[in-house]
Amino acid sequence: MIRTFLFSQFLLLLSLSTVLSAPAPPDDTHIVIETRQTALVIRVNKDKDPVIVHLGTKLSHPEEYARISSNGKRGEDYTAIYNSAYTPAGGRNLLEPAIQVTHADGNPSLDLRYVRHESKPAGDGATLTTIYLKDPQYAFEVALHYKTYPDEDVIEQWSTIKHTEKKAVTLHKYASANLYIPADTYYLTHFHGDWAREMNPREEALTEGVKVLDTKLGTRADLFQPPSFLLALDKPAQENEGDVLAGTLAWSGNYQIAFEVDPLHNLRFMAGINPYASAYSLAPGKEFTTPAFLFTYSTTGKGGASRSLHRWARKHRIPQGDGNRLTLLNNWEATYFDFNEEKITALFKDGKKLGVDLFLLDDGWFGNKYPRNNDHTSLGDWQENKTKLPHGLGYLVSEAEKTGIKFGIWLEPEMVSPKSELYEKHPDWVLKLPNREEYYFRNQLVLDLSNPKVQDFVFGVVDNVMTKNPSLAYIKWDCNAVIYNAFSATNPNPSHLYVDYVHGLYKVMERVHTKYPKLPLMLCSGGGGRVDYGSLRYFTEFWPSDNTDGLERIFIQWNYSYFFPAIATCNHITDWGKQPIKFRTDVAMMGKMGYDIVVSKLDEKELQFSQEALKTYDRLKPVIWQGDQYRLASPYEGDVASLMYVNGSKDKAVWFSYLVSNRYNAGSKGNIRLAGLDPAKTYSVQELNVYPGTKSSINNATTTYSGNYLMTVGFNPNVDARRASVVLEVTEAN
Ligand code: DGJ
């Protein structure tokens, strides 16, 4: 009996493997979506099912894509759509769906068959491929959009959903992307954290079943887990080799990314808006557009993946990605809420003496009926506090300018304090639940951005300060509360709130960006609670964490650097941590540098060091901001963390190394291999940011090394307890 069973199983497998290795039937359509290195191939069979048959390195003979009939199957796929390009729920699907709907007539199933596809140029060298799908029985359509950025090797993917059924259709789940990759093993690196400890990586092998990354926090959505991940195939993610997919969802609200190792041990994953409490009622004739999922597929490990994302972000996403950024002095940690006009204008002089471009006035400048002297009141009342700032913001702007420094301001326009005139006037503008006590996060509530009147108000907050102070040069947009009490008094569909909030937020951000396209804007959310490429479409930079301890920051910045470029990463030198100012400055230099210290408390050498460091930064920032970043030694793996930036012409690099261990004798015991240089060029290595009164053990302007030597044999930056941070400039020798 057993023998017969096994034999029949054997015959089945034999016939199946013959089918699977056979070329695809000639009438199948293969839709090829390619970047410079990667191809995503979707096959449409005679039944019109769109299924993914390849995601990985592109083929050198494109005609051979048509040969791929299947991908990664290791047995029987009962439904033939485990590898669907957009898995519908109900009907024959058995796995995690990409889309789940209830039709107008109550039918809870969806079938999506291929109708047609098209590809067209989408500007800036990008190509947009759209695949149109339709339910054969219902007037319900989905279009899958794949925008490819060939040179940067990035694919941006989203879907649009529409129907002409008789009544509204309920969308229960509506993912942006559904991808499928077979491998032997899958290693997922995801990130977790909380306030002041953002972006801690965790790598795990995925096993059969579903692993979900998500947030339900609404605003400040990434506080516990950002929508970014690394997926390594067949072995844990390596820095310089191996297949790694880096993915991130461009959405600033609730998201869900579900990884499912299917019954055949192939991996499928769905990324999009979190279906949690978000059933969306779609009226006939209306179109729902999901946010974009962005990914790059690298065969050169995490390093290749992050360099592609950085290039893409600078060129295609972040405003002025190839432009300038302002160094600044912020008063938050210098004064907190305790300041007045005299104190602030004195700080302008400090900023000027230091040599920064701009002074940023943080929280605490507003509210009169309820002055903002602590974090319990006044959000929403965006008028200058007359006691602290009797002459208003205009005076500060002009005083700053007289001192030779620009002026910027902090706002938290989405929020309201229970003790505020705004709340008294417009209680219905506040997210709160009927018949429930209000529950606060940082003593505040969230305004209802799903309400167009509130959108106008929030836009007005920014617009008013800008209209009254046209030369205001910078805005830090903060967001310190999550959405508790998730209910809108005016939104007719309670389950639309989380989605409509983010759409409302983007409408406001877009209006601000359109009216003030050159205004630098910092995205901040009580630290790094909102770092995603949805908001970074409108913001020039982001605040990764309130934790500015030099040592901690090496780790935090290291992890953000997998997805976000240095030019957008605001790093401030503050009094957090035990490291000397040189260490903190060197760490801050690896992105967009700023200060949040009491300059007058710096001793003579600290001040001199900082002034010189700012000049050095000014000279080298094009390399750090626009260069390619190479992570050389991980802070998780040894005594020393090391990374470098190399400019496009490979004639200049800046190389940062830090001691991250306080064990006895810890340090760089040997050479670290450099990367990204031209092997044929010759370079000199010169130490930067040498502290006044100390001598570098490295400077030797006459010795030169070939790029080949530096990348093969390496160079010892001599990091140890006495030289805990070392910055080296690598320059092509004439
Ligand atoms: C949280 C931010 O992360 C800080 O930098 C500071 O702006 C405070 N909010 C002000 O309330």
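Residues numbered from 1 in each chain as written. Predicted model: local features only at pLDDT ≥ 70, side-chain atom pairs only at ≥ 80, totals over all residues. Heavy atoms only, no water.

Participant: Give a description of the overall build of the protein that names residues and reports values.
Facilitator: For the protein, the count of helices and strands is 12 helices and 35 strands. Over its C-alpha atoms the protein spans a radius of gyration of 27 Å, differing by no more than 12% from the 27 Å that the globule rule assigns to 734 residues. Over its C-alpha atoms, taken along the principal directions, the protein stretches across nearly 85 × 70 × 45 Å. Looking at the 734 residues of the protein, the share that counts as buried comes to 60%. Here the contacts in the protein between residues at least 6 apart in sequence split such that 68% fall between residues at least 24 apart. In the structure as shown, the protein presents an accessible area of about 28300 Å², 51% of it carried by carbon and sulfur atoms. Charge centroids of the protein, computed over 78 positive and 85 negative side chains, lie 1 Å from each other. (Helix = DSSP H or I, 4+ residues; strand = E, 2+ residues; numbered from the N terminus. Rg over C-alpha atoms; globule rule 2.2 N^0.38 Å. Buried < 20%, exposed > 50% of the residue type's maximum accessible area, 1.4 Å probe, protein only. Contact = heavy atoms within 4.5 Å. Areas by Shrake-Rupley, 256 points an atom, 1.4 Å probe, with all protein chains shown as cover. Lys, Arg positive; Asp, Glu negative; His and termini not counted. Charge placed at Lys NZ, Arg CZ, Asp CG, Glu CD.)

Participant: So what about the nonpolar core? Which residues, and what values?
Facilitator: Grouped together as the largest cluster of nonpolar side chains are 183 residues, with contacts concentrated most on L361, W365 and F407. Per element, the largest residue contribution to this core is 10 residues, and it comes from helix α8 (residues 497-515). In contact with F407, not counting residues within four places along its chain, are F348, L358, F359, L361, L393, L396, V397, A400, L472, A473 and Y474. One finds Y630, A675, L677 and V726 within the second-largest nonpolar core, a separate group that totals 21 residues. (Core = buried A, V, L, I, M, F, W, Y, C linked by side-chain atoms within 4.5 Å.)

Participant: Help me get a handle on the pattern of salt bridges, residues and values and all.
Facilitator: Applying the stated criterion to the full structure yields 41 salt bridges. Between D111 and R113 there is a salt bridge, with the nearest N and O atoms lying 3.1 Å from each other. Residue classification places D111 among the partly exposed residues on the basis of a relative accessible area of 22%. In this structure, D575 engages R584 in a salt bridge whose closest nitrogen and oxygen atoms are separated by 3.8 Å. Judged by its relative accessible area of 56%, D575 is exposed. (Salt bridge = Lys/Arg side-chain N within 4 Å of Asp/Glu carboxyl O.)

Participant: Quick rundown of the site of the ligand? Include the residues and the values.
Facilitator: Near the ligand, the surroundings consist of 13 residues, among which D362, D363, K476, D478 and D546 are the closest. In this structure, an oxygen atom belonging to the ligand sits 2.8 Å away from a side-chain N or O atom of R442. Contact with the protein chains covers 97% of the free accessible surface of the ligand, which is 290 Å². Partitioned by chemical class, the residues of the shell around the ligand number 4 nonpolar, 3 polar and 6 charged. (Near = heavy atom within 4 Å. Polar contact = N/O pair within 3.5 Å; in protein donor to acceptor, adjacent residues only side chain to side chain. Nonpolar A, V, L, I, M, F, W, Y, C, P; charged D, E, K, R; others polar.)

Participant: Break down the sheet that holds strand β2 (residues 38-44) for me, with residues and values.
Facilitator: Strand order in the open sheet formed by 3 strands is β1-β2-β3, and the pairing between neighbours is antiparallel. In the strand order of this sheet, the two ends are held by β1 (29-34) and β3 (50-57), each with one partner. Across the sheet, the mean angle separating the axes of adjacent strands is 20 degrees when strand polarity is ignored. As paired strands, β2 and β3 are joined by 7 bridges and run antiparallel to one another. (Pairing = 2+ DSSP bridges. Axes fitted to C-alpha atoms, helices over the stretch in contact; angles between N-to-C directions.)

Participant: Run through unusual backbone geometry, naming residues and quoting values.
Facilitator: Notably, D124 is not glycine yet its phi reads approximately 55 degrees, a positive angle. Mapped onto the secondary structure, D124 falls in the loop between β5 (113-121) and β6 (127-134). Phi at H265 takes a positive value of approximately 65 degrees, unusual for a residue other than glycine. Locating H265 in the fold gives a position in the loop between β15 (255-261) and β16 (266-273).

Participant: Can you lay out the packing of helix α9 (residues 550-560) against helix α10 (residues 581-588) for me, pointing to particular residues and giving the numbers?
Facilitator: Relative to each other, α9 and α10 sit at 15 degrees, their axes nearing to 9 Å. Of the possible angle classes, the one that applies to α9 and α10 is roughly parallel. Both α9 and α10 take part in a crossing whose hand is left-handed. Counted together, G550, L551, R553, I554 and Q557 of α9 and F583, R584 and V587 of α10 form the full contact between these two elements. Looking at the contact of α9 with α10 residue by residue, the class counts come to 4 nonpolar, 2 polar and 2 charged. (Parallel < 35°, antiparallel > 145°, perpendicular 65-115°, else oblique. Left-handed = near helix turned anticlockwise from the far one by under 90°.)

Participant: Lay out the side chain of R43 with the relevant residues and their values.
Facilitator: Counting through the fold element by element, R43 comes out in strand β2. Sequence-distant contacts of R43, defined by excluding residues within four places in its chain, comprise A24, D28, T29, H30, D49, P50, V51, V53, I68 and S69.

Participant: Can you break down the domain arrangement of the protein residue by residue, with the values?
Facilitator: Here the protein is described as being made up of domain 1 (25-317), domain 2 (328-626) and domain 3 (629-732). The gap between the C-alpha centroids of domain 1 and domain 2 is 34 Å. Across the boundary between the two partners, domain 1 contributes 48 residues, which contact 49 residues of domain 2. Roughly 3700 Å² is buried in total at the junction of domain 1 and domain 2, and carbon and sulfur atoms are behind 59% of that figure. Counting the surface domain 1 buries against domain 2, the share from its top three residues, T219, R220 and R317, is 19%. At the boundary of domain 1 and domain 2, one finds 0 salt bridges. Our enumeration of links across domain 1 and domain 2 arrives at 26 residue pairs in polar contact (both at pLDDT 80 or more). Only β13 (228-233), β14 (244-249), β17 (280-282), β18 (287-289) and α2 (301-317) provide two or more residues apiece to the side of domain 1 that touches domain 2. Ranked by residues supplied to the side of domain 1 that touches domain 2, first place goes to α2 with 8 residues. Residue composition of the side of domain 1 that touches domain 2, grouped by class: 26 nonpolar, 13 polar and 9 charged. (Domains from an automatic or database assignment. Buried area = accessible area lost by both parts, 1.4 Å probe.)

Participant: Summarise the sheet that holds strand β28 (residues 570-573); cite the residues concerned and give the values.
Facilitator: Taking strand neighbours across the sheet as the criterion, the 8 strands line up as β27-β26-β25-β22-β21-β20-β29-β28 in an open arrangement whose pairing is parallel. Each of the sheet's edge strands pairs with one partner strand only, and the pair in question is β27 (541-542) and β28. Here strand β20 (residues 328-330) pairs with strand β21 (residues 358-361) via 3 bridges, running parallel. The residue bridging L328 from the neighbouring strand is L358, located in β21. Along the sheet, helix α7 (residues 452-468) contacts β22 (406-411) and β25 (474-477); its crossing angle with β25, the most-contacted strand, is approximately 155 degrees.

Participant: Got a sec to walk through the packing of aromatic side chains? Specific residues and values, please.
Facilitator: As enumerated under the stated definition, the model contains 45 aromatic pairs in all. Relative to Y533, the ring of W312 has its centre 5.2 Å away and its plane inclined at 90 degrees; by these criteria the two rings are edge-to-face. Linking W312 in helix α2 with Y533 in the loop between β26 (521-523) and β27, this pair joins segments that are 221 residues apart in sequence. As far as the burial class goes, W312 and Y533 line up, both buried. Measuring from ring centre to ring centre gives 5.4 Å for Y705 and F715, while their planes differ by 90 degrees; the resulting arrangement is edge-to-face. Placement of the pair is Y705 in strand β34 (residues 705-706) and F715 in the loop between α12 (707-712) and β35 (725-732), with a sequence separation of 10 residues. Cluster of aromatic residues (ring-pair linked, three or more members): Y149, F191, W312, Y533, F542, Y560, Y562, F563 and F564. (Phe/Tyr/Trp six-rings, centres within 6.5 Å; stacked < 30°, edge-to-face > 60°.)

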